[in-house]
Each structure stands twice: as C-alpha cells, then as structure tokens.
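# Examination of the molecular architecture
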Amino acid sequence: MNKYNVLCLLAFSSLCLFTACQSKPAGQVAAQSADTLTVKPAKSPARQQASSYQSANKGRIEAIREIPVYSRIAEQIVMFGIERTGQHVRKGQVVVRLSDVALREKILHCRAKLEKAEFQYQAILMGQGYKRNHLDDAPDNLKHLARVNSGYNEARAELHELEHKLTYCAITAPVSGAVTKIQNTLYGAAQPGEALFYIVDTEKLKVSFDVLENELAKYQMGKKVSVFTVAYPSEQHTATISAISPVINSNGMVHIEATLEPHPHLMPGMTAFTTVD
C-alpha cells in the first residue's frame, strides 16, 4: 500500500468516527458529561443565633399602687414638707403639719368642763351620805348614775376625742415612695377627703403591654420576661407575668401585666419593650 492510500484510509476513518459521535442522542452525551463532572458540595447556611424568635412588645411601666395622702381635719397647713414632684419620702416621715391652735383652745375648755363635771359627781355622792375621802365605797351603780347626771362621762369622752384629733395635725407618709400630683401648698386649707398629694410606691412597679393573639401561648403566669427601657436601653430588667387578660380585644390583642424587680432607674410612665423566648 502506497503512501497515498494510507492517507486516504486515515481520513475516511476519522470522518466515520466524527459522524458516529454527532449521531448519538443528546441524553447519552449528557449522561457521559454528568459522569465525568466532579460535583462540589454546597456551602452550609450560616447558623442561626437562636432557635426561637424573640418578639419585642412595646409597653409602659406603671405603679401597682398610688396612695393619696389626706388630712382628716379641716385646718390650715403650717408646714408642707413636699417641695417637688418625684421627691422621695419614707414611711412614717412627717410631711405636713396643720395648725393646732384651735384644737388646743378647745382642749383647755374641755378640761375645765371635765373638772366641773367631776366636782358635781362628787357632790352627788356626798349628797348620798358618802364622805369625800370615801367616795369609792359607793356601789358601782350609784357611781355610774352620778357620772351620767353630772355630765362627767360626756366631758371625758369629748376631751379624749379632741386629744386624739390633735394627733391628726402631724400627717405622716403612709408608705415609702416618690411624690406625685401635688394638689396643695404651704398655708393652704386642708380639707377632709381632698388629697394633698399622692405617693407612688416605687418598690412595686409593673410593666403593661399587649401581645397578638397568636403569640399568647408564649406567655404564661409566672413566666419571666426581659424588659428594656428607652431611657436606659443598655439595662436589662426582669419581670414576672402576674396578670393575663381573659378577653381579646377587637384588634386581636391580649393585655398582659408583669411585676418588675425593684431598680432605682425604673419609674412609672417609662416606655418599655418586653421580650420572651
């Protein structure tokens, strides 16, 4: 075989091979390509910081009890120890003094009245034949009748009442806390039933907030929640759920209250955000 025949044979073989490859189905070519590809594993997604979503609910810090300070008698204020809203007072501290001049004058008159009644009491017993130094020897029923007829019992009860009213002139703080709603001032007229000011018990505060109906299952009585305030956002406080409204309002919200642990930076009216795991 000469050189020309060999070249022709090689060219024909190459053409046949190329035609055979072009005539293969696309599925077989894809299968062969897939077999030859090296599949690299995909990168895993970033790990979540928490497995459960924490929802933040806007609320407000409120006082559990706000106690009014009253005067029991109508007198002029001669000492008013409250200077400003937010002033802290201690339980038992004298915060207001009322004028006692009129009461002391009444007490003097009542004591004179009592002395007169006592003299008449003795005169009645001596009229029954008992000597002054032996009036106690009289029977009890006779002594009781002599006290009633002389006005001794009435004068003594009146004196006791006036002396007791005298203690009302010094008004003390019923609880420790911060002063709010000052409604009177020095030399003002104190009237029974009208509050002089109010005291908020800062040791007993709560946070009130609303949650969606579909989140209610995460809130249970006695569960702890975290509280953050707008004023001190870096501080985290703990509160215990103490009340859950049994009614869902028209907006699909449920009202919840949680008792806060005492802290000097917490005060009623603060805007707060609560979170629960």
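In this text the structure is predicted, and so the values were computed from the model without any measurement.

Cut-offs and rules
- Residues numbered from 1 in each chain as written.
- Predicted model: local features only at pLDDT ≥ 70, side-chain atom pairs only at ≥ 80, totals over all residues.
- Heavy atoms only, no water.
- Axes fitted to C-alpha atoms, helices over the stretch in contact; angles between N-to-C directions.
- Helix = DSSP H or I, 4+ residues; strand = E, 2+ residues; numbered from the N terminus.
- Parallel < 35°, antiparallel > 145°, perpendicular 65-115°, else oblique.
- Left-handed = near helix turned anticlockwise from the far one by under 90°.
- Contact = heavy atoms within 4.5 Å.
- Pairing = 2+ DSSP bridges.
- pLDDT = per-residue confidence, 0-100.
- Core = buried A, V, L, I, M, F, W, Y, C linked by side-chain atoms within 4.5 Å.
- Buried < 20%, exposed > 50% of the residue type's maximum accessible area, 1.4 Å probe, protein only.

### Re the packing of helix 3 (residues 101-127) against helix 5 (residues 152-166)
Orientation of helix 3 relative to helix 5, taken along the N-to-C sense of each, is 160°, at an axis distance of 9 Å. Classed by the angle they form, the pair helix 3 and helix 5 counts as roughly antiparallel. As for the relative orientation of helix 3 and helix 5, their crossing is left-handed in sense. On the side of helix 3, the interface is formed by L103, R104, K106, I107, C110, R111, K113, L114, A117 and E118, while helix 5 contributes Y152, A155, R156, E158, L159, L162, E163, K165 and L166.

### Considerations on the pairing of strand 12 (residues 237-248)
In terms of strand pairing, strand 11 (residues 224-229) meets strand 12 through four bridges, oriented antiparallel. Along strand 12, the bridge assignment pairs S226 with T238. Both strand 12 and strand 13 (residues 253-260) contribute to a ladder of six bridges, which runs antiparallel. Across the sheet, residue I241 finds its bridge partner in strand 13, namely A258.

### Brief notes about the confidence of the model for the protein chain
Residues with a pLDDT of 70 or more make up 80% of the protein chain, whose mean pLDDT is 84. Of all the helices and strands in the protein chain, helix 2 (residues 26-36) carries the lowest mean pLDDT, 42, while strand 5 (residues 94-98) carries the highest, 98. Scored below 50 in pLDDT, residues 23-54 makes seven contacts in the model with residues more than four places away or belonging to other chains.

### What to know about the nonpolar core
Counting 29 residues, the largest nonpolar core has V95, V96, L98 and F197 as its most contacted members. Only strand 2 (66-70), strand 3 (75-80), strand 5, helix 3, helix 5 and strand 9 (195-200) provide two or more residues apiece to this core. Here the element with the most residues in this core is helix 3; it accounts for five residues. For V95, the residues in contact, after removing those within four places along its chain, are M79, F80, G81, I82, V89, I171, T172, A173 and F197.

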